[in-house]
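Geometric and topological summary
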Amino acid sequence: MGEKMSSLEVRPLTGALGAEVRGIALADVDDALFGRIHHLLLEHLVLFFRDEAGLTPADHKAFGSRFGQLEVHQFLPKLPEHEEIVVLDSDAGAKADVWHTDVTYAQSPPIASVLQIVQSPEVGGDTMWSNQYLAYEALSEPIRELVDGLTALHGFAYGSFRSEAEHPVVRVHPETGRRSLYVNRMFTQRIPQLTAGESEALLAHLFTVSESPQRVCRFRWNEGAVAVWDNRATQHYAVNDYSARRVGRRVTVLGDEPKGDDARWAHHQGPGMSATAVKK
């Protein structure tokens, strides 16, 4: 155990978030080493492991399961005989080139994801992550006071599948106690305490702050590399600048219900608008 811990090397990637971890194999992580990895994840928000080309699907699931119960996604394609592993294949349209936090349309969004790239283009196909603690802290004090008392409606529809949820605009991390912005372009639809115009204007500002380059890290994949990120305080963006095939395998850890301050105002009721109306 001591030998494994002593061989671990951590190299931060940016001043905002992200670190490469070397000197360990994810297929051979004991309880003490996982405790160290968990601590590093809370500190850096996204961790990268470059030398994991031999990680089997069983190893992938076993490592992900250390963070909690794994999700079986409702409709995304799965790896045969491994229903917990989602296959993200660019040839099948898996190009998430919009800033987002995973599955915020669920009542209990996932807390973490473990993604391995098994086929990568020679050039392009990087992924970026942004630090939502820093996004919240970059807001002025009056705006922080406002958003601390607001909620946002999140939604998604795919075929017959529909899901909607209402979460605090600012969530408090259950382990670190820090506040982070919790809205994103892909799934956040409206702030119900505001008029439609006010909601649109405020969300546009919050999206800009949350995606700002000084709060971002960018990772250049190699085949076999693994990323683990904290879904409670980050957003991510898959850069769509490639034409060759890109394939990833991902497990997602089932979540908790986002918590923040109680909403300080009721849903706004304007002409022809119900208290729970969601912009489509």
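All of these numbers come straight from a predicted model, not from anything done at the bench.

1. Considerations on the overall build of the protein
Looking only at helices and strands, the protein has six helices and 16 strands in total. The C-alpha atoms of the protein give a radius of gyration of 19 Å, which matches the 19 Å a tight globule of 280 residues would have. For the protein, the C-alpha atoms occupy an extent of roughly 65 × 40 × 35 Å along the three principal directions. For the protein, the residues scored as buried account for 51% of the 280 residues in total. When contacts within the protein are restricted to residue pairs at least 6 apart in sequence, long-range pairs at least 24 apart make up 80% of them. Carbon together with sulfur atoms contributes 50% to the accessible area of the protein, which is approximately 12,500 Å² in total. Between the averaged position of the 28 positive side-chain charges in the protein and that of its 37 negative side-chain charges there is a distance of 3 Å.

2. Observations concerning the sheet that holds strand β9 (residues 161-168)
If you walk across this open sheet you meet the three strands as β9-β8-β12, and the pairing is antiparallel. In this open sheet, the two edge strands, each paired with only one partner strand, are β9 and β12 (188-190). Taking each pair of neighbouring strands and ignoring which way they run, the sheet shows an average axis angle of 35°.

3. With respect to helix α3 (residues 57-65)
One full turn of an α-helix is made of 3.6 residues, so residues set three or four places apart face in the same direction. All buried positions along α3 are accounted for by His-60, Lys-61, Phe-63 and Gly-64. All buried residues of α3 fall inside an arc of 165° around its axis, so they share one side. Close packing links the buried residues of α3 with α2 (31-44), β5 (82-89), β6 (112-119), β14 (226-230) and β16 (247-253).

4. Considering the pattern of salt bridges
Between side chains of opposite charge, pairing is possible as soon as their charged atoms come close. All chains considered together, the criterion is met by 18 salt bridges. Across the salt bridge formed by Arg-179 and Asp-148, the nearest N and O atoms sit 3.3 Å from each other. Placement of Arg-179 in strand β11 (residues 179-181) and of Asp-148 in the loop between α5 (141-147) and β8 (151-158) is noted, with a sequence separation of 31 residues between them. Taking relative accessible area as the criterion, Arg-179 reaches 26% and is therefore assigned partly exposed. Across the pair Asp-230 and Arg-232 runs a salt bridge whose closest N-O atoms are separated by 3.0 Å.

5. Let's talk about the side chain of Asp-89
Within the secondary structure, Asp-89 is located in strand β5. By relative accessible area, which is 12% here, Asp-89 ends up buried. A polar atom in the side chain of Asp-89 sits 2.9 Å from the backbone nitrogen of Asp-91. Reaching out from Asp-89, the side chain makes a polar contact with the side chain of Arg-245 at a distance of 2.4 Å. Setting aside its immediate chain neighbours within four residues, Asp-89 contacts Ala-94, Arg-245, Arg-246 and Val-247.

6. A few points about the UniProt feature "domain: TauD/TfdA-like" (unreviewed entry) in the protein
The UniProt feature table records "domain: TauD/TfdA-like" (unreviewed entry) at residues 9-252. Secondary structure across residues 9-252 divides into 21% helix and 33% strand, with the first and last C-alpha atoms of the span separated by 25 Å.

7. Remarks on the sheet that holds strand β7 (residues 127-131)
In spatial order, the strands read β13-β7-β15; together these three strands make up an open sheet with antiparallel pairing. Here the strands that pair on one side only, and so sit at the sheet edges, are β13 (216-219) and β15 (234-238). Averaged over all pairs of adjacent strands, the angle between their axes in this sheet comes to 20°, without regard to strand direction. When β7 meets β13, the two strands line up antiparallel, connected through four bridges. Residue Thr-127 lies in a different strand from β13, and its bridge partner there is Phe-219.

8. Digging into the nonpolar core
Ranked by size, the top nonpolar core spans 28 residues in total, and within it Ile-24, Leu-26, Ile-37, Leu-47, Phe-49, Phe-63 and Val-228 carry the most contacts. For this core, the elements supplying multiple residues, two or more each, are β2 (19-22), α2, β3 (46-49), β5, β6, β14 and β16. The dominant element in this core, judged by the number of residues it contributes, is α2, at five residues. In this view, Leu-47 contacts Ala-19, Val-21, Ile-37, Leu-40, Leu-41, Val-226, Ala-227 and Val-228; residues no more than four positions away in its chain are not counted. Ranked by size, the runner-up nonpolar core spans 17 residues in total, among them Leu-139, Leu-150, Val-183 and Val-209.

9. Some words on the packing of aromatic side chains
Within this structure, the stated rule accounts for 14 aromatic pairs. Summarising the aromatic geometry, the rings of Phe-34 and Phe-67 are spaced 4.8 Å apart at their centres and angled 75° between planes, so their arrangement reads as edge-to-face. Residue Phe-34 is located in helix α2, and its partner Phe-67 is located in the loop between α3 and β4 (78-79); the two are separated by 33 residues in the primary sequence. Phe-67 matches Phe-34 in its accessibility class, with the two residues each being buried. Between Phe-156 and Phe-187, the aromatic rings sit 5.7 Å apart at their centres with planes inclined by 90°, giving edge-to-face as the arrangement. Taken together, the positions of Phe-156 in strand β8 and Phe-187 in the loop between β11 and β12 put the pair 31 residues apart, joining distant regions of the chain. By way of ring pairs, the aromatic residues Phe-48, Trp-129, Phe-219, Trp-221 and Trp-229 are connected into one cluster. Over the aromatic face of Tyr-182 sits the side chain of Arg-171, whose NZ or CZ is 4.9 Å from the ring centroid.

So, how was this worked out
- Residues numbered from 1 in each chain as written.
- Predicted model: local features only at pLDDT ≥ 70, side-chain atom pairs only at ≥ 80, totals over all residues.
- Heavy atoms only, no water.
- Helix = DSSP H or I, 4+ residues; strand = E, 2+ residues; numbered from the N terminus.
- Rg over C-alpha atoms; globule rule 2.2 N^0.38 Å.
- Buried < 20%, exposed > 50% of the residue type's maximum accessible area, 1.4 Å probe, protein only.
- Contact = heavy atoms within 4.5 Å.
- Areas by Shrake-Rupley, 256 points an atom, 1.4 Å probe, with all protein chains shown as cover.
- Lys, Arg positive; Asp, Glu negative; His and termini not counted.
- Charge placed at Lys NZ, Arg CZ, Asp CG, Glu CD.
- Pairing = 2+ DSSP bridges.
- Axes fitted to C-alpha atoms, helices over the stretch in contact; angles between N-to-C directions.
- Arc of directions from axis to C-beta.
- Salt bridge = Lys/Arg side-chain N within 4 Å of Asp/Glu carboxyl O.
- Polar contact = N/O pair within 3.5 Å; in protein donor to acceptor, adjacent residues only side chain to side chain.
- UniProt positions renumbered as here; feature names shortened; annotations may be inferred.
- Core = buried A, V, L, I, M, F, W, Y, C linked by side-chain atoms within 4.5 Å.
- Phe/Tyr/Trp six-rings, centres within 6.5 Å; stacked < 30°, edge-to-face > 60°.
- Lys NZ or Arg CZ within 6 Å of the ring centre and 35° of its normal.

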